[in-house]
Each structure stands twice: as structure tokens, then as C-alpha cells.
Amino acid sequence: AAAGGGARRASTRALAAERARAGGRVSLAARATEQKQSRLLQQELVRMSDTQLQCACEELAPHLLELATHAFGNYVVSKLVTRSQAHAAVHSALRGSVVPLLKHPQGSRVVQAALAELPAGEAASLAGELDGHVLECALDTHGSWGVCVAFRHTHAPFLVAQVAKHVAALCTQQHGVRVVQQLLHEAASAGMDISAAVGSLLEGELGYLAAHPFGNYAVQAALRHAVPSQRVAMLDALLPSILALSGSKHGSNVAEMLLMLASVEQLEAVRRQIFGPPDTPVDLAELPQLRALMSSPFGNYVLQALLRKLKDGRRSAALQLVERHISDDNFGRAILAAASSA
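Our subject in this report is the structure included herewith. (Residues numbered from 1 in each chain as written. Predicted model: local features only at pLDDT ≥ 70, side-chain atom pairs only at ≥ 80, totals over all residues. Heavy atoms only, no water.)

Here the focus is the overall build of the chain. Each helix and strand counted, the chain has 26 helices and zero strands in total. Taking 2.2 N^0.38 as the reference for a compact globule, 342 residues should give roughly 20 Å; the C-alpha atoms of the chain span a radius of gyration of 28 Å, well beyond that estimate. Taking the principal axes of its C-alpha atoms as reference, the chain extends roughly 95 × 45 × 30 Å. Counting all 342 residues of the chain, 45% fall into the buried class. For the chain, restricting intrachain contacts to residue pairs at least 6 apart in sequence, the fraction spanning at least 24 positions comes to 67%. Only carbon and sulfur atoms are counted for the fraction: they give 54% of the accessible area of the chain, which is about 16,200 Å². Counting 31 positive and 28 negative side-chain charges, the chain places the centres of these two groups 9 Å from one another. (Helix = DSSP H or I, 4+ residues; strand = E, 2+ residues; numbered from the N terminus. Rg over C-alpha atoms; globule rule 2.2 N^0.38 Å. Buried < 20%, exposed > 50% of the residue type's maximum accessible area, 1.4 Å probe, protein only. Contact = heavy atoms within 4.5 Å. Areas by Shrake-Rupley, 256 points an atom, 1.4 Å probe, with all protein chains shown as cover. Lys, Arg positive; Asp, Glu negative; His and termini not counted. Charge placed at Lys NZ, Arg CZ, Asp CG, Glu CD.)

Below is the structure:
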């Protein structure tokens, strides 16, 4: 707090000195770097007439790149780009510096604002600077958000291709998997081909990623948005491991989605693994998978998901077996309560 107060006092003294040198007027660039003046300037930019704004753009233009990474100045640049008259000046200032800006806390905010506000051609030219740098930006805290915004506003095919190329590296990193998730969703919603990205997941260690703290989100996104043939391939690859996934904090999320997407035949195969053959008296000791799921803080939710998918007699028989296995050290009562309210 003391350091912040010292910085504000220094900015105030600098403004006073500049005002004295300029006969009472402080430059817009100097105002943009002082907290209170930056807020006031942002408000003024919105209200300026076309003539006033043109003068402001001409004055600020040489300083926009520097202001883009300033703690207070970045807000001025982001506000300025909302005015169409300033588009050319902002685009010119950012051009050639998109990659380093995206990896900067304040610079990333400015680039994202520019991508959202600039005309399609200018936004595409800025996004184009990411070509060959998608991996490094996607793995960066601030850059990852920038890659997502760049794709949302441009749907540049090279972004899909490069994410597909590096999907294994991206999926195991917190910021990288954000890019994979959002890009798969956005691309699929726009009718773009995501088969290369899904194919890279299929060709890699899909089971490992399904249980990974970050990778599981990418696997879920791929299952949700893949074309039918690739979704079937993913189900075929993952369903044999559904019980192992169910006992894992992260894998259980994927396991629930597998049950949501599984065919009737696939659901029956899972049911048999847990509850045994239908209409056959089963000794309690012969249902280790059921006991394991009921005792697991994660697996019990997968079991609940399976019960929701079972029909009529199969569901009633399964609930009876759950009831017979209730104990003080498992989640049986919670499972039955959830089933009764479904």
C-alpha cells in the first residue's frame, strides 16, 4: 500500500511538473498514466466529438504501444478502440507486437479489446501474428485468454490446426487446456472441422488424459463435440476403463459423460460389470465393483449416473442391490436418496 501511494504521489508530481512546463495543459499520454486522470480520460473519450477524437488520436498515437502495457494506460487504449475513428491508430500501434503483448498482463487485455472491436480484416491481421506462436501463447496465463479471444472473433483455421498439432502438450497444462476446450466448442459451434484435434487425442494417451487433472476437461470437450464416428471411437477406447476412471477425482467426470453418451448395449455391458447378470441370484461377496463404487467419494456419483440411465426392471433390481449393500462407511443412503428424487 505504501509503495502504491508513493507511485501515485510521484505520478501527481510528474503531472504537476508537466502542467507547469506546458502552461497549464497536461498531455493525454501523461494523464493516461495516472490513476484518477486515466479514469477521467476514459469517460471523456466516450463523449468526445469526431473532431475532438481525431485530435486525441493524433496526440495519443505515438504512445499507444507503451500505454498498452501500463497499469493505468491500458484502460485508456482499450476504451479508445471502442471508437471506430480510433481503429486505424490502435491497429497501427499494436501491429507487429501482438505476441509479446498477449503474454503481458495489461497488454493481453488491450489486444483482446482490439480483436473484439476492430473490423474483421484488421482483427484477422492481428490474430495472424499468432501463426507459429500458438503453443507458447496458449501455455501462458495471459496469452491463453488472448488465443481464445482471437479464435472467437476470427475463426482462423491456422489456430485449429496448431492446437491440433500441440494438443497433447496443451491438455496437461492449466492454461493450455483452456484453449483446447474453448476452441473445440467454438469451432464445432461454427461448423468447423475439429477432427484433427480429436484425432490427436485418440492417437495419444487418451486414458491417461481422461484421468488427468487438466486433460479430463479436453477429453470431455472432445466427446461432446466430436463427429459421431470419432465419438464412437472414443467410447470404445474409454468404456473398458470406466470402473478405474470412476474411482478417480478427475476421471469420474469423464466416466459420467461416457454413460451419458453410451449406447444401450454399452450401458448394459457396464451394468453387468457392476450388478452382474440380470435375474440371477447374486451373493453379496460377488459384487466387488458395486461395493467399490458405493464406497468411493467419486465413484458413487458415477453409480448414480448409471442408475439414472437404467430403465424399469433393470433400475429396480439395481436399486435393491444398492440397498442390500448399504453400510455406515459407504454412500449407499445418499445414492438411494438421489435415485428417489430423480
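So, about the nonpolar core. Counting 105 residues, the largest nonpolar core has Leu159, Phe275 and Leu303 as the members making the most contacts within it. What Leu303 contacts, discounting residues up to four positions off in sequence, is Ile274, Phe275, Leu290, Leu293, Met294, Val322 and Ile335. (Core = buried A, V, L, I, M, F, W, Y, C linked by side-chain atoms within 4.5 Å.)

Turning next to the environment of Ser263. Note that Ser263 resides in the loop between helix H21 (251-261) and helix H22 (264-275). Given the relative accessible area of 29%, Ser263 is considered partly exposed. Between the C-alpha atom of Ser263 and that of Leu235, which follows or precedes it by 28 residues, the distance is 9.4 Å.

Although it is not a glycine, His155 sits at a positive phi angle of roughly 50°. Relative to the helices and strands, His155 is located in the loop between helix H12 (141-154) and helix H13 (157-165). The exposure class assigned to His155 is partly exposed, which follows from its relative accessible area of 27%. Even without being glycine, Asp312 reaches a positive phi, approximately 40°. If you trace the backbone, Asp312 turns up in helix H25 (residues 312-324).

By secondary structure assignment, the location of His91 is in helix H7 (residues 87-94). With a relative accessible area of 9%, His91 lands in the buried category. When neighbours within four sequence positions are excluded, His91 is seen to be in contact with Leu118, Glu122, Ser125 and Leu126.

Note that Gln304 resides in helix H24 (residues 299-309). Those residues in contact with Gln304 that sit more than four places away from it in its chain are Ile335 and Ala338.

Checked against the element boundaries, His250 lands in the loop between helix H20 (242-246) and H21. Among residues more than four places away in sequence, those in contact with His250 are Ala210, Ala211, His212, Pro213 and Asn216.

H7 sits mainly inside the fold: six of its eight residues count as buried. Along H7, the positions that sit buried rather than exposed are His87, Ala89, Val90, His91, Ala93 and Leu94. For H7, the secondary structure elements touched by its buried residues are helix H5 (64-67), helix H6 (73-80), helix H8 (98-102), helix H9 (105-117) and helix H10 (120-127). Of the residues one or two after H7, Gly96 is the one with positive phi, at around 90°.

What follows covers the pattern of salt bridges. This model, assessed by the stated rule, comprises seven salt bridges. Salt-bridge contacts for Arg272 lead to Glu268; the nearest nitrogen and oxygen are separated by 3.3 Å. Of this pair, Arg272 and Glu268 both sit in helix H22, four residues apart, roughly one helical turn. Among the ionic pairs, Arg333 bridges to Asp328, the shortest N-O distance being 3.7 Å. Residues Arg333 and Asp328 agree in their burial class; the two are exposed. Linked by salt bridges that have partners in common, Glu268, Arg271, Arg272 and Arg314 make up one network. (Salt bridge = Lys/Arg side-chain N within 4 Å of Asp/Glu carboxyl O.)

Once that is clear, we can look at the packing of H21 against H24. Orientation of H21 relative to H24, taken along the N-to-C sense of each, is 5°, at an axis distance of 9 Å. Judged by the inter-axis angle, H21 sits roughly parallel to H24. Of H24, the residues touching H21 (which contributes Ser252, Ala255, Glu256, Leu259 and Met260) are Tyr301, Val302, Ala305, Leu306, Arg308 and Lys309. Looking at the contact of H21 with H24, its residues break down into seven nonpolar, one polar and three charged. (Axes fitted to C-alpha atoms, helices over the stretch in contact; angles between N-to-C directions. Parallel < 35°, antiparallel > 145°, perpendicular 65-115°, else oblique. Nonpolar A, V, L, I, M, F, W, Y, C, P; charged D, E, K, R; others polar.)

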